[in-house]
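# Commentary on secondary and tertiary structure
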Amino acid sequence: MKSFDFVQPRTVAEALAAWGPGAVWLGGGTSLIDLMKLGVAQPDVVIDLGRVAGMRSVDVQGDGAVRIGALVSNADLTRDAAFAARFPMVAEALLSGASGQLRNAATVAGNLMQHTRCAYFQDAGAACNRRDPGAGCDAQGGVGGGVAVLGASPACIAVNPSDFCVPLAALDAVVEVQGPEGGREIAMADFHLLPGDTPDRVTALAPGELIVALRLPAGADGFAGHSRYLKVRDRTSFAFATASAAAGLRMEHGRIAEARLALGAVAAKPWRVAEAEAVLIGQTPDADLFDRAATIAMAGAEPGDDLAWKIDLARKTAVRALCLAAAGTPARMPALPASVFAEPAGEKVHA
Amino acid sequence: MPLSMTLTLNGAARDVVLDDPRVTLLDLLRERLDLTGTKKGCDRGQCGACTVLVNGRRVNSCLTLAATLDGAEVTTIEGLGTAAALHPVQAAFIEHDGFQCGYCTPGQIMSAAGLISEGLDAEDPERIREGMSGNICRCGAYHGITLAVQEAARRMAADGQEDAA
């Protein structure tokens, strides 16, 4: 690991003042420390946010919105029973990711900032435009299904690995940011960038900007009764998604009044298509209907040489997530969160 | 610049001076404090051999910079029980043969202790397996590990009720 200076600010203002080119923010470290060991991240200054006050609480605001401090751990957010009850697919997504140890350390803001798990990005000996602009992309024609079928570019075919970000995108979460120019808010839909010809630009954050909180808007809990995250992966636990989907329905008199659908592991950002949600409005839940929505969501997907299976898998994952959401949110978190192997009858939230 | 810090390590206050901020908690324990019960496996947060409790929560010590831990309470396998008075998780691992070569065992036991304190439903083996998925056993002793965690969780719940009564 390259050597670095280590600073521990006590306030957001001190943290912002400590930033300079070559600096990185350290949250839980579960992604960053790993990349530093691999030589993929080589910061000059590590700014440890662990002592910064005021970023570790989950607060319900006056209008019913929920504000999650940037340093709240993934585990603490899932253990917040009131939060999990209002936003079950967020809790299910978090619990389907990583391991118990990693969830205890990892922070919600760090989850948004984690890098792709593309093997070629993580291998400092491989060509990667995201890590080293202009170097080329060894992932093209490479091994494995963990690459994008939507929104990719000749420069980069990496996917965003986050589970958490998928329901956040579906629920119109907002990212609160502070930076040298002051504060601003970024919609989840705009937070992660598609690669285009600048794959090294992964998020909309400007240099020196810091995530201070995430916010789920009032009304995002309207999907609580019919809300699931489903994740297909190489093994049942502790693996990144090959394809995933967050599905939420707001039902009125047996019909879909409002719908949310976002797909994970298919692009460099959570993939959400307004037309796919619109086709569900006013309809009665039905597998054929859900298949139409999922097909719209995957429109434009590029199979490349050998990824037709992944497009099919992502579409079927979305259909099944919608079917599960229509059946109702389980009253208790499944033993295997977001798993295709855990489909009990069991009591529903609004049984 | 050396970093001075104080840890509560297995119940005792320890002053530590770090000459380099790159030192992980795992390397601090093994290389500098001679606590070699915590094992280095993958060194990337994937195998769980390095699991310890920080402020009561199980974490991968290989991904934790020691410099972030000033004032923290750290518990390693050396501090969980003693040979004369085993921790219930340790006793259950012996009873249920929850190991073969033993290399992953300190991490398995620390992870199990953390999982039980998180409020595990010990009656559901699936929840035990899911909760322990951050700990890999290359010998494949998972059957015994699952039974051991279940037994320890039951025993600790019963002891807790007795203490409360």
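Please refer to the structure placed before this passage.
Residues numbered from 1 in each chain as written. Chains lettered and ligands numbered in written order. Predicted model: local features only at pLDDT ≥ 70, side-chain atom pairs only at ≥ 80, totals over all residues. Heavy atoms only, no water.

## With respect to the overall build of chain B
Helix and strand content of chain B: 6 helices and 5 strands. In chain B, the succession of α and β elements from N to C terminus is β-β-α-β-β-β-α-α-α-α-α. Since a compact globule built from 165 residues should have a radius of gyration of about 15 Å, the 16 Å found for chain B is in line with a globular shape. Projecting the C-alpha coordinates of chain B onto the three principal axes gives extents of approximately 50 × 40 × 25 Å. Looking at chain B as a whole, 53% of its 165 residues are labelled buried. Of the contacts formed within chain B by residues at least 6 apart in sequence, a portion of 58% connects residues at least 24 apart. Accessible surface for chain B amounts to roughly 7500 Å². Of this, 49% is attributable to carbon and sulfur atoms. If the 14 positive side-chain charges of chain B are averaged to one point and the 22 negative ones to another, these points end up 7 Å apart. (Helix = DSSP H or I, 4+ residues; strand = E, 2+ residues; numbered from the N terminus. Rg over C-alpha atoms; globule rule 2.2 N^0.38 Å. Buried < 20%, exposed > 50% of the residue type's maximum accessible area, 1.4 Å probe, protein only. Contact = heavy atoms within 4.5 Å. Areas by Shrake-Rupley, 256 points an atom, 1.4 Å probe, with all protein chains shown as cover. Lys, Arg positive; Asp, Glu negative; His and termini not counted. Charge placed at Lys NZ, Arg CZ, Asp CG, Glu CD.)

## Regarding the side chain of Q101 of chain A
Summarising the element assignment, Q101 of chain A is placed in helix α6 (residues 100-105). Apart from the residues within four sequence positions on either side, Q101 of chain A is in contact with G48, T51, R58, V59, N60, S111, G134 and N135 of chain B.

## With respect to the environment of I157 of chain A
Residues and elements named next belong to chain A. Structurally, the position occupied by I157 is in the loop between α8 (119-122) and α9 (165-170). Since its relative accessible area comes to 13%, I157 is described here as buried. Along the chain, I157 and G183 lie 26 residues apart, while their C-alpha atoms are 32 Å from each other.

## What to know about the sheet that holds strand β5 (residues 73-75) of chain B
All names here are of chain B. Here 5 strands make up an open sheet; going across it, the order is β2-β1-β5-β3-β4 and the pairing mixed. This sheet does not close on itself; its edge strands, each paired only once, are β2 (12-18) and β4 (57-60). Between one strand axis and the next, the sheet turns by 40° as a mean value, whatever way the strands run. Of the pairings in the sheet, the one linking strand β3 (residues 51-54) to β4 comprises 4 bridges and is antiparallel in character. Each residue of the ladder has a partner; that of L53, found in β4, is R58. (Pairing = 2+ DSSP bridges. Axes fitted to C-alpha atoms, helices over the stretch in contact; angles between N-to-C directions.)

## A short note on the packing of aromatic side chains
Residues and elements named next belong to chain A. Enumeration according to the criterion identifies 1 aromatic pair over all chains in this entry. Between F83 and F87 the ring centres are 5.0 Å apart and the planes differ by 45°, which places this aromatic pair in the tilted class. Taking the relative accessible area as the measure of exposure, F87 reaches 1% and is therefore buried. (Phe/Tyr/Trp six-rings, centres within 6.5 Å; stacked < 30°, edge-to-face > 60°.)

## Here we look at the packing of helix α12 (residues 287-297) of chain A against helix α13 (residues 308-327) of chain A
Residues and elements named next belong to chain A. Close contact between α12 and α13 brings their axes to 9 Å; oriented N to C, the two are set at 135°. Overall, the two elements α12 and α13 adopt an arrangement that is oblique. Crossing hand, α12 versus α13: right-handed. Across from A287, F290, D291, A293, A294 and T295 in α12, the residues of α13 making contact are R315, A318, V319, L322, C323 and A326. Residue composition of the contact of α12 with α13, grouped by class: 9 nonpolar, 1 polar and 2 charged. (Parallel < 35°, antiparallel > 145°, perpendicular 65-115°, else oblique. Left-handed = near helix turned anticlockwise from the far one by under 90°. Nonpolar A, V, L, I, M, F, W, Y, C, P; charged D, E, K, R; others polar.)

## What to know about the sheet that holds strand β12 (residues 271-272) of chain A
Residues and elements named next belong to chain A. Across the sheet, 4 strands lie side by side as β9-β10-β11-β12; this open sheet has antiparallel pairing. The open sheet has two edge strands with one neighbour each: β9 (227-233) and β12. Across 9 bridges, strand β10 (residues 241-252) lies against strand β11 (residues 255-264) in antiparallel orientation. Counted as the bridge partner of A246 is A262 from β11. Sheet strands in contact with α12 are β10, β11 and β12, and its direction is about 40° off that of β11. Packing against the sheet, α13 makes contact with β9, β10 and β11, and its axis sits at approximately 30° to β10.

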